[in-house]
Amino acid sequence: AQRVTQPEKLLSVFKGAPVELKCNYSYSGSPELFWYVQYSRQRLQLLLRHISRESIKGFTADLNKGETSFHLKKPFAQEEDSAMYYCALTSSNTGKLIFGQGTTLQVKP
Amino acid sequence: DAGVTQSPTHLIKTRGQQVTLRCSPISGHKSVSWYQQVLGQGPQFIFQYYEKEERGRGNFPDRFSARQFPNYSSELNVNALLLGDSALYLCASSLVRGRDTQYFGPGTRLTVL
């Protein structure tokens, strides 16, 4: 079954601390992996996708096919990073996005 | 560009009623997808339309239907509403189907009493 798992509902860190938001997936094939972010009172927006290999707002994510993981990392958290983060995957055929349940990141001053 | 727009913003209905939600994609985007987001969960895929044809359907009952118009806007219809249909309904558009990045609208909050 195709599934995305984000094991932490809430991750709370202090400003300046490193952040790692975990994402594991199960999929038979070659999925495309994404991280979406939703800031307070804003719409869901793309943070990054694995094929672009970009670093957005200091966040990076590496696809580990052996561990079927796509963890999101940032070396130094900022208060403005506080938001809900969703990991998602899609297949080549349908374009259907499969989302995890989301992790709330809370960055304390 | 205003991005993906959805209307209405909020909607309150009673059980058994029918509802129509509307979505306008980003200009030039030909694919529209619909998702249901229940409180505390990630969005769940309902439909994808591309070039006015249904290209994908999630695990939702036949009470849910959708269509896409020649201008690529889309409507989601839900018949015989149940309390469990209360959710945020999200529309997303992309240039083409498949692995293309999907851009989300602000959603329509549906409450079924």
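Everything below is about the structure printed above this text.
As the structure is a computational prediction, the values presented were derived from the model and not from experiment.

(A) Just the overall build of chain A, in detail. For chain A, the helix and strand inventory stands at zero helices and 11 strands. Ordering the α and β elements of chain A from the N terminus gives β-β-β-β-β-β-β-β-β-β-β. Against the compact-globule benchmark of 13 Å for 109 residues, chain A has a radius of gyration of 13 Å, which places it among compact chains. Each principal axis of the C-alpha distribution contributes one length, and for chain A these read about 45 × 30 × 25 Å. Buried positions account for 44% of the 109 residues belonging to chain A. Contacts in chain A between residues far apart in sequence, at least 24 positions, make up 57% of those at least 6 positions apart. As displayed, chain A has an accessible area near 5,600 Å², and 49% of this comes from carbon and sulfur atoms.

(B) Spotlight on unusual backbone geometry. All names here are of chain B. The omega torsion of the bond from Ser-7 to Pro-8 falls at -10°, within 30 degrees of zero and hence cis. Position of Pro-8 relative to the elements: it lies in the loop between strand S1 (5–7) and strand S2 (10–13). Non-glycine residue Glu-51 carries a positive phi angle of around 50°. Note that Glu-51 resides in the loop between strand S5 (44–50) and strand S6 (53–57). On the basis of relative accessible area, Glu-51 is assigned to the partly exposed category, the value being 26%.

(C) Quick peek at the state of the cysteines. Residues and elements named next belong to chain A. Per the counting criterion, the structure on display carries two disulfides over all chains. A sulfur-sulfur separation of 2.0 Å characterises the disulfide bridge that pairs Cys-23 with Cys-87. In this structure, the disulfide formed by Cys-23 and Cys-87 twists by about -65° around the S-S bond and is classed as left-handed. Highlighted residues: Cys-23 in the loop between strand S3 (19–21) and strand S4 (24–26) and Cys-87 in strand S9 (residues 83–90), separated in sequence by 64 residues. Grouping residues by exposure puts Cys-23 and Cys-87 together as buried.

(D) Seen up close, the nonpolar core. In this structure, Trp35(A), Leu47(A), Leu48(A), Phe70(A), Leu72(A) and Tyr85(A) are the most contacted members of the largest nonpolar core, which totals 26 residues. Within the residue set of this core, elements represented by two or more residues are strand S2 (10–14), S3, strand S5 (32–38), strand S6 (45–49), S9 and strand S11 (103–108) of chain A. Top contributing element to this core by residue count: S9(A), with four residues. Setting aside residues no more than four positions away along its own chain, Leu48(A) makes contact with Phe34(A), Trp35(A), Glu54(A), Ile56(A), Phe59(A), Thr60(A), Ala61(A), Phe70(A) and Leu72(A). By size, the runner-up hydrophobic cluster in this structure holds 22 residues, among which are Val19(B), Leu21(B), Leu81(B) and Ala87(B).

(E) A look at the pairing of strand S3 (residues 19–24) of chain B. Residues and elements named next belong to chain B. Note: S1 against S3, three bridges, orientation antiparallel. Bridged to Ser-7 within S3 is Arg-22. Pairing between S3 and strand S8 (residues 74–78): five bridges, direction antiparallel. Bridging from a neighbouring strand, Thr-20 pairs with Asn-77 of S8.

(F) Representation of the interface of chain B and chain A. Contact residues are listed per partner, giving 21 residues for chain B and 22 residues for chain A. Buried area between chain B and chain A, both sides added, is near 1,800 Å², and the carbon and sulfur share of it is 47%. On the chain B side of the interface with chain A, the three residues burying the most area are Arg99(B), Thr101(B) and Phe104(B), jointly 37% of the side's total. The interface formed by chain B and chain A contains zero salt bridges. Viewed at the interface, chain A and chain B are joined by six residue pairs in polar contact (both at pLDDT 80 or more). For the side of chain B that touches chain A, the secondary structure elements donating two or more residues are strand S4 (31–37) and S5 of chain B. Tallied by class, residues from the side of chain B that touches chain A come to eight nonpolar, 10 polar and three charged.

(G) How the structure looks around the sheet that holds strand S7 (residues 64–68) of chain B. Residue and element names in this part refer to chain B. Sheet architecture is open: four strands sit in the order S1-S3-S8-S7, paired in antiparallel fashion. Across the chains shown, the open sheet's two edge strands, defined by having one partner strand only, are S1 and S7. Between one strand and the next, the sheet's axes are offset by a mean angle of 15°, whatever the strand orientation.

Rules of the game
Position numbers for residues count from 1 along each chain, tracking the sequence in the order it is written. Each chain takes a letter, starting from A, and each ligand takes a number, starting from 1, following the order in which they are written. This being a predicted model, a pLDDT of at least 70 is required before a residue's local features are given, and a value of 80 or more before pairs of side-chain atoms are given or counted; all residues contribute to the totals for chains, interfaces and linings. Side-chain descriptors were evaluated using all non-hydrogen atoms of the structure, hydrogens and water having been removed beforehand. Here a strand is any run of E in DSSP of at least two residues, a helix any run of H or I of at least four, and the numbering for each starts at the N terminus. Within these notes, the globule rule equals 2.2 Å times the number of residues to the 0.38 power, and the radius of gyration is based on C-alpha atoms. To sort residues, take the accessible area from a 1.4 Å probe on protein chains only and compare it with the maximum for the residue type: under 20% means buried, over 50% means exposed, and anything in between is partly exposed. Residues count as neighbours in contact if any of their non-hydrogen atoms are within 4.5 Å of one another. To be clear on the numbers: accessible area is Shrake-Rupley with a 1.4 Å probe, and residue cover counts the displayed protein chains and nothing else. Note on disulfides: each one is a pair of cysteine sulfur atoms within 2.5 Å. Take the buried Ala, Val, Leu, Ile, Met, Phe, Trp, Tyr and Cys residues and link them wherever side-chain atoms come within 4.5 Å; each set so joined is a nonpolar core. Strand pairing follows a simple DSSP-based rule, namely that at least 2 bridges must link the two strands. Simply put, the buried area is the total loss of 1.4 Å probe accessible area from both parts when two parts are fitted together. Each salt bridge in this description consists of a side-chain nitrogen of Lys or Arg and a carboxyl oxygen of Asp or Glu lying within 4 Å of one another. Think of a polar contact as two N or O atoms within 3.5 Å of one another; within protein, one of them needs to be a possible hydrogen donor and the other a possible acceptor, and neighboring residues in sequence only count if both atoms come from side chains. Amino acid classes used here: Ala, Val, Leu, Ile, Met, Phe, Trp, Tyr, Cys and Pro are nonpolar; Asp, Glu, Lys and Arg are charged; the rest, including Gly, are polar. The axes are straight lines fitted to the C-alpha atoms, using for helices just the contacting stretch, and the angles between their N-to-C directions are given from 0 to 180°.

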